[in-house]
Amino acid sequence: MIERHTVDGVPALLAPPTGPTRAGLAFRVGQVDEPLARRGITRLAAHDGAVGPEFTSFHVQGDESATAAFLTGVCASLREPPTDRLAALAALATVDPLRAEPLWRRRHGARDYGLAAYPEWGLPAITEDDLREWVGRWFTRENAVLWVAGDRIPAGLRLDLPSGIRHDPPAPSSALSVTPAFFSAGPDLIGWSAVAPRSAATSVFAALLERMMSRDPRVDQQPLGADTMLVSAIADALPGALIDLLATLRVGRVDEADLTAVVAERIEALRHAEETTDRLRAQAFRLLLGREVEQLEDEIARLRAVTVADVAEVATAAWRTVLLMSPTPADWAGFAAAPTYSASAVPGTTYRSLEDENRRLIVGEEGVSTVDAENLATVRAADCVLMRSWPDGARHLLGPDGIDIRVEPTLFANGPAAVAAIDALIAPGIRVDQPARDTAQIPRPRARARGGPAWWRELAQGWRRAHWRLRWSFAGALIGAVGFTVVAGQAAIESARTSDALYTLAVAVLCVGVFGRAAWKRAALLRAT
């Protein structure tokens, strides 16, 4: 039985021990709350704690006196943040690569729940004032919960934290214009994620997925605020098999024996979590989300009440939000391509590439764009979430949708002027200065690519971006022009032998003109898309 207490204004949960005394202090702050330009500030503040997407927690195991001393010390250290570690941690940020979390990054972009996929690029810009302000805002009595697995609250425990407010997690953002959607992250990466209600039925749904998938699956559940979960699955399976499995669950084709077995496994996992205090910690997190504490038997009862219909309902809700990571397109299943480029470029000054005549950099009052034969990327100044800046002039800009632009001034004509224009656009608060690079790391222009951006390459680029009506009207007009050209050629040959073919020739030539003009106009629209 979990009991509710209060210690120095901090809500506390007390449960009987199943071994040595264990305790923890949890705060409702994590990676999702950080701006990308200050990514890593929570870990810096909680240098002895564990930082996750939504929560930061400190754990201890030992006797009462050791537990009280540790948690009292945690609160004291939060009062005096470790500003002496700023320089050392900033150096680590310069070598931290982009993390392999494409499903998070593609779904949420470079903000809130997508930030777990990004390195702690903000560390070099964090000042002592930033750190103190962050601690004072997030590490407060009202934004904390204490949990203790022991006979009583340890004597002598002092939680000397400042007063504040409890912070709800941010609403999950989306970089997807439509779902279900798919994207490619490489030939060997296959998986999907979907948003589902935070419920016992979703827990069973995820466990059934893992049971029914083959080839060493990995199914994970991550909280998305107080009411939803992100269920993700990574497996060495064909994308079609994953889609078929979801379809199977949507229509309720689940063996009752499988459902019973999965529920039993989940109950056993809950009992084990109760013994290891993992469930008590989870209840502390639940309290921080504004939800009521749930006793073990109540949670077990909710699991036992899950039916096949409940699982089908979760699967149906999840299907509407699926993001598929697949080496091949999934439009055959009704999935839309997730955006990998921007819709339009900003107006402004154009700087040509010294390497590739297809590529150009555009800097204007609204932001920055790069355009080549295959891609279009735009980061608008008002929306930019981070600009990394090197002394040699290199710049790396990121937008909230995850689109990023790298600018090397050595690779563009009048590159220093372009960089100066970019610097004038971007707010100082999102600029993060980087250490100087070795001269060998600064790129030099190669021989410029010849052959140019032929009109058919621009046409192909527009075809990928255009609405399906424009694409198919162009295709129909082109097929009509080609078809009547063939007819006209045959009629011209026949007219040499008989005058009856002249009428057919005239009609065919007229149709070639009509369809050809229509195809030309639509080709111009596609190239401009």
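See above for the structure.
Residues numbered from 1 in each chain as written. Predicted model: local features only at pLDDT ≥ 70, side-chain atom pairs only at ≥ 80, totals over all residues. Heavy atoms only, no water.

A. Region of the structure containing a nonpolar patch on the surface. Together, Leu-478, Val-482 and Val-486 make up an exposed nonpolar region whose accessible area comes to about 240 Å². Structurally, Leu-478 can be placed in helix α14 (residues 468-495). (Patch = residues over 30% accessible without salt bridge, like charges linked within 9 Å, V, L, I, M, F, W, Y side chains within 5 Å. Areas by Shrake-Rupley, 256 points an atom, 1.4 Å probe, with all protein chains shown as cover. Salt bridge = Lys/Arg side-chain N within 4 Å of Asp/Glu carboxyl O. Helix = DSSP H or I, 4+ residues; strand = E, 2+ residues; numbered from the N terminus.)

B. Focus on the environment of Glu-292. Following the sequence through the fold, Glu-292 ends up in the loop between α9 (278-288) and α10 (296-304). Ignoring anything within four residues of it in the chain, the contact list for Glu-292 reads Arg-4, Gln-283 and Arg-286. (Contact = heavy atoms within 4.5 Å.)

C. Inspection of the nonpolar core at higher detail. Counting residues in each nonpolar core, the largest one holds 43 residues, and the members touching the most others are Trp-192, Val-204 and Phe-205. Elements supplying a minimum of two residues to this core: β8 (191-197), α6 (200-212), β10 (228-234), α7 (239-250), α8 (256-275), α10 and α11 (308-319). It is α6 that contributes the most residues to this core, eight residues altogether. Val-204 has contacts with Leu-259, Val-262, Val-263, Leu-303, Val-306 and Val-311, leaving out every residue within four places of it along the chain. Residues Val-29, Leu-78, Phe-139 and Leu-146 belong to the second largest nonpolar core, which totals 32 residues. (Core = buried A, V, L, I, M, F, W, Y, C linked by side-chain atoms within 4.5 Å. Buried < 20%, exposed > 50% of the residue type's maximum accessible area, 1.4 Å probe, protein only.)

D. Up close: the pattern of salt bridges. Here the structure, examined in full by the defined rule, presents 25 salt bridges. The salt bridge partner of Asp-8 is Arg-158, with a shortest N-O separation of 2.7 Å. Taken as a pair, Asp-8 in the loop between β1 (3-7) and β2 (10-15) and Arg-158 in the loop between β6 (144-149) and β7 (181-183) lie far apart in primary sequence, 150 residues in all. Here Arg-158 falls in the partly exposed class, since its relative accessible area comes to 42%. Salt-bridge contacts for Arg-431 lead to Asp-423; the nearest nitrogen and oxygen are separated by 3.7 Å. Owing to a relative accessible area of 30%, Arg-431 belongs among the partly exposed residues under this scheme.

E. View of the pairing of strand β16 (residues 376-380). Within β16, four of the five residues are buried, which leaves it mostly tucked inside the rest of the structure. Of the strand pairs in this sheet, strand β15 (residues 367-371) and β16 are connected by five bridges, and their pairing is antiparallel. Note that in β16 the partner of Thr-370 across the bridge is Ala-377. Adjacent in sequence and paired antiparallel, β15 and β16 are bridged by four residues. (Pairing = 2+ DSSP bridges.)

F. Looking closely at the side chain of Glu-120. Mapped onto the secondary structure, Glu-120 falls in the loop between α4 (102-108) and α5 (128-138). On the accessibility criterion, Glu-120 (7% relative accessible area) is buried. Engagement of the side chain of Glu-120 in a polar contact is seen with the side chain of Arg-43, the distance being 2.4 Å. (Polar contact = N/O pair within 3.5 Å; in protein donor to acceptor, adjacent residues only side chain to side chain.)

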